[in-house]
Amino acid sequence: MATAVSATSSAYDRMKEVKEFDESKIGVKGLSDSGITSIPQFFVHDPQTLSDLKPSSKRTVPATLPTIDLSHINSVNLRPEIVEQIKDAARTWGFFQVINHGIPVSVVDQTVNAVKAFHEQPHEVKAKFYKREEGKGFMYASNNDLYRTKAASWHDSFNMWTGPEPPEVEELPEVCRNEVVAWDSHATKVAESVMELLSEGLGLEAGKFKELTFSEKRALVGHCYPYCPQPDRTVGITSHTDPGIVTVLLQNHVPGLQVRHEDEWVDVKAVPGGLIINVGDMLQIISNGEYKSVQHRVLANSWKEARISIVIFYNLAKWSEDGYCGPLPELLSPEKPPIYRNFTEREFVENFYSKGIDSKSLIEKITIHN
């Protein structure tokens, strides 16, 4: 009986601490800036999660993410080779970096600096934006899944929907307003070029993904991973796969991102000016398993400088008339039957919001077991 009582009281205390932290609106950045030397208990992850925080390399040469040069995508002779490279990366890694994508370095730097500037504002300025109403306007908070997850992660974020409807510009914080609006436009051009290559890699027309509205529904997120005094007791973001079509990530030079590849965690080293692109669960399903969404995570930051990343998630905007989505019929044949069943938008949304971020839970639910 004593155990039951103590378990209940510790669970109750945890919720109380989480609520107090959330209502203080100071975020992880505020905790870090206050000079704490140990992290609150609700940020501490279980031993299993913490046991493999260091990349375990059994290789003599560490694996590195494929880097794809987009400078010749309009060349009739060289484009097929780039399609092959992207197809291969999406099948084997689910992640790749792109360089020579056409966005000026000055724009990349301005975007990172503006997002950093937002997170470095005084508490009372940022607190005005702190809320948990997902899906509308500009929202700043710590941990999107704070109330749904077993242990919180060491990051703060802002997020906003940038498509299909553009945001109300005056609702955006002045410190990063122009830069995030411009970034949405720049990154989306790159995303659409990459989607054309991915579409061709499946043997489809270049414009197929755009026609299917894969780049129209967009959420832009600005993450800040401040210095963590106990980086071996928590994580920056827990291991997960992204739910949508593709994700475009811009990061500063502070490391932390790791990708799961061949049963190992691989450190991702940022290429200056490069963008990281990864396959989401939805694209794995639509491609009937041809492209893979893979687990990735961010370690808690042991640098004194904050890690900044700007992420745009691309999602399906218009579902089919019958309200379902699933593997594209053009990719199916008697030799290649569907490995996933069709599912509804409601199933997709409920699966995401019913729990903390995780890996491939929707894919697991809709896999056809013969």
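These numbers come from a predicted model, not from an experiment. (Residues numbered from 1 in each chain as written. Predicted model: local features only at pLDDT ≥ 70, side-chain atom pairs only at ≥ 80, totals over all residues. Heavy atoms only, no water.)

Q: Just checking my understanding: could you explain the side chain of Thr213 for this structure?
A: Relative to the helices and strands, Thr213 is located in the loop between helix H8 (208-211) and strand S5 (217-225). The class for Thr213 is buried, based on a relative accessible area of 6%. Of the polar contacts made by the side chain of Thr213, one reaches the backbone nitrogen of Lys318; its length is 2.9 Å. Those residues in contact with Thr213 that sit more than four places away from it in its chain are Asn315, Leu316, Ala317 and Lys318. (Helix = DSSP H or I, 4+ residues; strand = E, 2+ residues; numbered from the N terminus. Buried < 20%, exposed > 50% of the residue type's maximum accessible area, 1.4 Å probe, protein only. Polar contact = N/O pair within 3.5 Å; in protein donor to acceptor, adjacent residues only side chain to side chain. Contact = heavy atoms within 4.5 Å.)

Q: Sorry if this is basic, but what is going on with the pairing of strand S6 (residues 235-240) here?
A: Counting buried residues along S6, five of its six residues qualify, which places the element largely inside the surrounding structure. Sheet topology places S6 next to strand S11 (residues 296-299); three bridges connect them, and they run antiparallel. When the sheet's bridge partners are listed, Val235 is paired in S11 with Leu299. (Pairing = 2+ DSSP bridges.)

Q: I'm lost on the nonpolar core in this one. Help?
A: The biggest cluster of nonpolar side chains holds 70 residues, and the ones touching the most others in it are Leu70, Phe158, Trp183, Val194, Leu198, Met282 and Phe343. A per-element tally of this core places helix H7 (residues 177-201) first, with nine residues. Apart from the residues within four sequence positions on either side, Leu198 is in contact with Ile86, Ala90, Phe209, Val246, Leu283 and Tyr291. Core analysis: the next-biggest nonpolar cluster, separate from the first, contains 16 residues, Leu65, Phe95, Val268 and Val311 among them. (Core = buried A, V, L, I, M, F, W, Y, C linked by side-chain atoms within 4.5 Å.)

Q: What's the story with the sheet that holds strand S7 (residues 246-251) in this structure? I'm lost.
A: Strands belonging to one sheet form pairs held by backbone hydrogen bonds; the direction of such a pair is parallel or antiparallel. Read from one edge of the open sheet, eight strands run S1-S2-S10-S7-S12-S5-S4-S3, paired in mixed fashion. Pairing within the sheet leaves two strands with one partner each, and these edge strands are strand S1 (67-69) and strand S3 (139-142). Between one strand axis and the next, the sheet turns by 25° as a mean value, whatever way the strands run. Sheet topology places S3 next to strand S4 (residues 156-163); four bridges connect them, and they run antiparallel. For Ala141, the partnering residue across the bridge sits in S4 and is Ser157. Strands in contact with helix H4 (residues 79-92) are S1, strand S2 (95-99) and strand S10 (275-279); relative to S1, the strand with the most contacts, it is inclined by about 160°. Against the sheet, helix H5 (residues 105-119) engages S3, S4, S5, S7 and strand S12 (307-315), with an angle of about 105° to S12. (Axes fitted to C-alpha atoms, helices over the stretch in contact; angles between N-to-C directions.)

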